[in-house]
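# Fold and geometry: a report
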Amino acid sequence: MEKLFNLIVTHEPGLDNYRYVLSLLREYIDDLVLVDAGPSVLLFRVSDPYNVVEELKKYRSELNMIYRIIPVDVVTEAYVETVAEEACRLARERIPVDKTFRITLHGRLFWRETGAPAHTMDAIHVIAEGIDRIVSLSHPDYVVYIRSLRLYKRKRVATITVTKPENILSLASSKP
């Protein structure tokens, strides 16, 4: 699937908050292109999403309306099987054999054959089966972060990020 966006920003709900967050990010990021926006979620294309996260860490105190800033490695179909295949490929490339990982899944994935929604734990088990690294739920060295969302309010896609936890900027931990 063509990579339309590579950065997700979640923020407090509301039109005013959307406008504020968008203007703030445009001030700090030169090559920011807004691809789509949903309730409390902004999807952007930037030249280097990991560098953007590092740069925005400097302005942490000013980003009080933002919940998370997540770089995206892959955008794919929201089927458990497709996500598992891509997540395993990325994990083999990025997670050293002696390091630990955990899977975080936000949103709903579906089974390819039936189109039925997959229970979150079932999806996580299928994805984790193909990753031959040690699981650590409390202190992982790497996170396989998967988020399912609607693109252009119609097509459901899944994003996959395989990175160290500090590369996902979480400003309000219990929020979307």
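Please refer to the structure placed before this passage.
Read on for an overview of the structure. Every chain is numbered independently, its residues counted from 1 as its sequence is written. Under the rules for a predicted model, residues below a pLDDT of 70 receive no local features and side-chain atom pairs below 80 are neither given nor counted, while totals for whole chains, interfaces and linings still include all residues. Values shown for side chains rest on all heavy atoms present in the structure; no hydrogens or waters enter the calculation.

### Describing the overall build of the protein chain
Going along the chain from the N terminus, every DSSP run of H or I of four or more residues is numbered as a helix, and every run of E of two or more is numbered as a strand. When helices and strands are counted, the protein chain shows 4 helices and 10 strands. Listing each helix as α and each strand as β along the protein chain from the N terminus yields β-α-β-β-α-β-β-α-β-α-β-β-β-β. Its C-alpha atoms give the protein chain a radius of gyration of 16 Å, near enough to 16 Å, the size a compact globule of 176 residues would have. Oriented by its inertia axes, the alpha-carbon framework of the protein chain measures out at about 40 × 35 × 30 Å. Taking all 176 residues of the protein chain together, 47% fall into the buried category. Note on contacts: a residue pair is in contact if any heavy atoms of the two residues lie within 4.5 Å. Of all intrachain contacts in the protein chain linking residues separated by at least 6 positions in sequence, the fraction that spans at least 24 positions is 72%. Exposure was quantified through the Shrake-Rupley algorithm and a 1.4 Å probe, taking into account, for residues, occlusion by the shown protein chains and nothing else. Surface summary for the protein chain: the accessible area is close to 9200 Å², and the carbon and sulfur share equals 49%. One finds the centroid of the 24 positive side-chain charges in the protein chain at a distance of 4 Å from the centroid of its 24 negative side-chain charges. C-alpha atoms define the radius of gyration in this analysis, and the globule rule sets the expected value at 2.2 Å times the number of residues to the power 0.38. The buried label goes to any residue with under 20% of its type's maximum accessible area, the exposed label to any with over 50%, and the partly exposed label to all in between, with areas taken from a 1.4 Å probe on protein chains only. In this tally Asp and Glu are treated as negative and Lys and Arg as positive; neither His nor the chain ends contributes. The atoms used to mark charge sites are NZ of Lys, CZ of Arg, CG of Asp and CD of Glu.

### Points about the sheet that holds strand S10 (residues 169–170)
Hydrogen bonds between backbone atoms are what pair the strands of a sheet, whose relative direction is either parallel or antiparallel. Any two strands between which DSSP finds at least two bridges are classified as paired. Strand order in the open sheet made by the 5 strands is S2-S3-S1-S4-S10, with antiparallel pairing throughout. Two strands lie at the open edges of the sheet, namely strand S2 (33–38) and S10, each paired on one side alone. Pairing of S2 with strand S3 (residues 41–45) involves 5 bridges; the strand directions are antiparallel. The residue bridging Leu 34 from the neighbouring strand is Phe 44, located in S3. Axes here refer to lines fitted to C-alpha atoms; in helices the fit is confined to the stretch in contact. Angles between the N-to-C directions go from 0 to 180 degrees. Packing against the sheet, helix H1 (residues 15–28) makes contact with strand S1 (7–11), S2, S3 and strand S4 (66–71), and its axis sits at approximately 140 degrees to S1. Where helix H2 (residues 49–56) meets the sheet, its contacts fall on S1, S4 and S10, and the angle it forms with S4 comes to roughly 145 degrees.

### Re the sheet that holds strand S8 (residues 142–151)
In spatial order, the strands read S5-S9-S8-S6-S7; together these 5 strands make up an open sheet with mixed pairing. The open sheet has two free edges, formed respectively by strand S5 (74–77) and strand S7 (134–135), since each of these has just one partner strand.

### Some remarks on the pairing of S3
For S3, the tally of buried residues reaches 4 of 5 residues, placing the bulk of the element in the interior. Of the pairings in the sheet, the one linking S1 to S3 comprises 4 bridges and is antiparallel in character. When the sheet's bridge partners are listed, Thr 10 is paired in S3 with Val 41. If you look at the hairpin formed by S2 and S3, you'll find 2 residues sitting between the two strands, and Ser 40 has a positive phi there, around 65 degrees.

### Some thoughts on the packing of aromatic side chains
Within a pair of aromatic rings, the relevant descriptors are the distance that separates the centres and the angle that separates the planes. Aromatic rings from Phe, Tyr and Trp, with only the six-membered ring used for Trp, were paired whenever their centres fell within 6.5 Å, and each pair was classed as stacked if the ring planes differed by under 30 degrees, edge-to-face if by over 60, and tilted otherwise. Going through the model one piece at a time under the given rule, you end up with 1 aromatic pair. On the numbers, 3.9 Å between centres and 10 degrees between planes, the contact of Tyr 28 with Tyr 59 is stacked. Of the two residues, Tyr 28 is situated in helix H1 and Tyr 59 in the loop between H2 and S4; the sequence distance between them amounts to 31 residues. The exposure class assigned to Tyr 59 is partly exposed, which follows from its relative accessible area of 27%.

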